[in-house]
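Here is what each chain is made of, one letter per residue.
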Amino acid sequence: MEYTQLGRTGLKVGRLVLGTMNFGPQTDEADSHAIMDAALDAGINLFDTANVYGWGENKGRTETIIGNWFAKGGERRDKVVLATKVYGNMGADGEAWPNHDKLSAVNIRRAVDASLKRLQTDYIDLYQFHHIDRSTPFEEIWQAIDVLVQQGKILYAGSSNFPGYKIVQANEIAARRGSYGLVSEQCLYNLAERRAEMEVIPAAQDYGLGVIPWSPLHGGLLGGVIKKEAQGGRRASGRAAETLADPTARAQIQAYEDLLDKHGVEPGEAALAWLLTRPGVTGPIVGPRTTEQLASALRAVELKLSEELLTSLDEIFPGPGPSPEAFAW
């Protein structure tokens, strides 16, 4: 495993991040534990989760699975850089009691204590805001975070799904308070969805945030979905199925798969390897449902894409260009 610094921090993390969203809903506890063991054995040390993972009536289930894994010992907790998130409505019926969601100081305090209990640990390395809260000022948010840092309950704060201007606003207000501010941004970013290049990634770079892309295969769309369908494998669903319903988009994905077939490279591994070449990217989140999927993702770290292939990928999936040139002269 290759390692890099997380943004401007001294924290070393692997170039792949283990996403745990499937733990519980799609992968049972025993298999989830096996995947985490395999990830740790391979050198992956940043594990990402969220308080709402488990979904529906089982919100918090994923954190509980991770906590049970930590409880097995073997220095599991000491070796892991643990990241979780706060914002989501934790009400089982979808109706949160007032102050049981978003980023008020009250909810941050409540949510972090609940996550610590489920995770069976006394601290969280990276505590991430899962979404912007338009109702809560950053002065209040940073006051709450500073208290948690002083208490030793969290070490760093990060954002997820923030626009560029909110990254700037958050860190400017943090600087005025003498707070450390955001150290990472977790955003939707992959070959097929490159709008983050306009303002989110430049803002993250300027303010010293590591970029952690989620959905690096765009819901399976970049994982060889057309070839798998033709071979009688798992059919596309969700975002991938919606995209393939558009003939123009389907032709684009077909061109992508044909290109990689020509170069003898697996599509999913190429999509991950491409992200590892992008400026500002710490490492993409991979969310394996099985140990076999994890093994495929790990091969991407060693995959070096040629300049010819990188150029061809840009031709198939052109980026938006920088802001403001992307939408102005």
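Source: prediction; values computed, not measured.

Engineer: Before we go on, may I ask you to explain the pairing of strand S6 (residues 124-129) in this structure?
Structural biologist: Both faces of the sheet carry side chains from a regular strand, because those side chains alternate between them. The element S6 is largely enclosed, with a buried count of six among its six residues. With four bridges joining them, strand S5 (residues 81-86) and S6 adopt parallel strand pairing. From the neighbouring strand, threonine 84 faces S6, where its bridge partner is tyrosine 127. Direction of pairing for S6 relative to strand S7 (residues 154-160): parallel, over a ladder of five bridges.

Engineer: For this particular structure, what's the right way to read the side chain of asparagine 171?
Structural biologist: Here asparagine 171 is to be found in helix H6 (residues 164-177). Those residues in contact with asparagine 171 that lie beyond four places of it in its chain are Arg8, Trp142, Gly181, Leu182, Tyr207 and Leu209.

Engineer: Is there a simple way to explain helix H13 (residues 307-316) in this structure?
Structural biologist: Side chains three or four residues apart in an α-helix point the same way, a direct result of the helix having 3.6 residues per turn. Those residues of H13 not exposed but buried are Leu309, Leu310, Ser312, Leu313 and Ile316. Mapping the buried residues of H13 onto a view down its axis gives an arc of 160 degrees, with all of them on the same face. Summarising the geometry of H13, the exposed residues directed more than 90 degrees from the buried face are Glu307, Glu308 and Glu315. Residues of H13 that are buried sit in contact with helix H10 (247-263) and helix H11 (267-276).

Engineer: What is the right way to read unusual backbone geometry from this model?
Structural biologist: With the exception of glycine, the majority of residues adopt a negative phi angle, and the majority of peptide bonds are in the trans configuration. Residue proline 324 is reached from serine 323 by a cis peptide bond, and omega for that bond is 10 degrees. Considering the arrangement of structural elements, one finds proline 324 in the segment after H13. Here asparagine 99, not a glycine, exhibits a phi torsion of approximately 75 degrees, which is positive. On the secondary structure map, asparagine 99 appears in the loop between S5 and helix H4 (105-119). The class of asparagine 99 is partly exposed, set by a relative accessible area of 45%.

Engineer: Would you mind going over the packing of aromatic side chains with me for this structure?
Structural biologist: How two aromatic rings sit relative to each other is set out by the distance from centre to centre and by the angle between their planes. Enumeration according to the criterion identifies seven aromatic pairs in this entry. Summarising the aromatic geometry, the rings of tryptophan 69 and phenylalanine 70 are spaced 5.6 Å apart at their centres and angled 45 degrees between planes, so their arrangement reads as tilted. The pair formed by tryptophan 69 and phenylalanine 70 is uniform in burial state, with each residue classed as buried. Ring geometry for tyrosine 256 versus phenylalanine 317: centroids 5.5 Å apart, planes at 70 degrees, classification edge-to-face. Of this pair, tyrosine 256 sits in helix H10 while phenylalanine 317 is found in the segment after H13, placing the two residues 61 residues apart along the sequence. Take tyrosine 256 and phenylalanine 317: they sit in the same class, and that class is buried. Among the aromatic residues, ring-to-ring pairing joins Phe47, Trp69 and Phe70 into one connected group. The residue whose ring lies beneath arginine 8 is tyrosine 180, and the NZ or CZ to ring-centre distance is 4.5 Å.

What counts, and where the lines are drawn
Residues numbered from 1 in each chain as written. Predicted model: local features only at pLDDT ≥ 70, side-chain atom pairs only at ≥ 80, totals over all residues. Heavy atoms only, no water. Buried < 20%, exposed > 50% of the residue type's maximum accessible area, 1.4 Å probe, protein only. Helix = DSSP H or I, 4+ residues; strand = E, 2+ residues; numbered from the N terminus. Pairing = 2+ DSSP bridges. Contact = heavy atoms within 4.5 Å. Arc of directions from axis to C-beta. Phe/Tyr/Trp six-rings, centres within 6.5 Å; stacked < 30°, edge-to-face > 60°. Lys NZ or Arg CZ within 6 Å of the ring centre and 35° of its normal.

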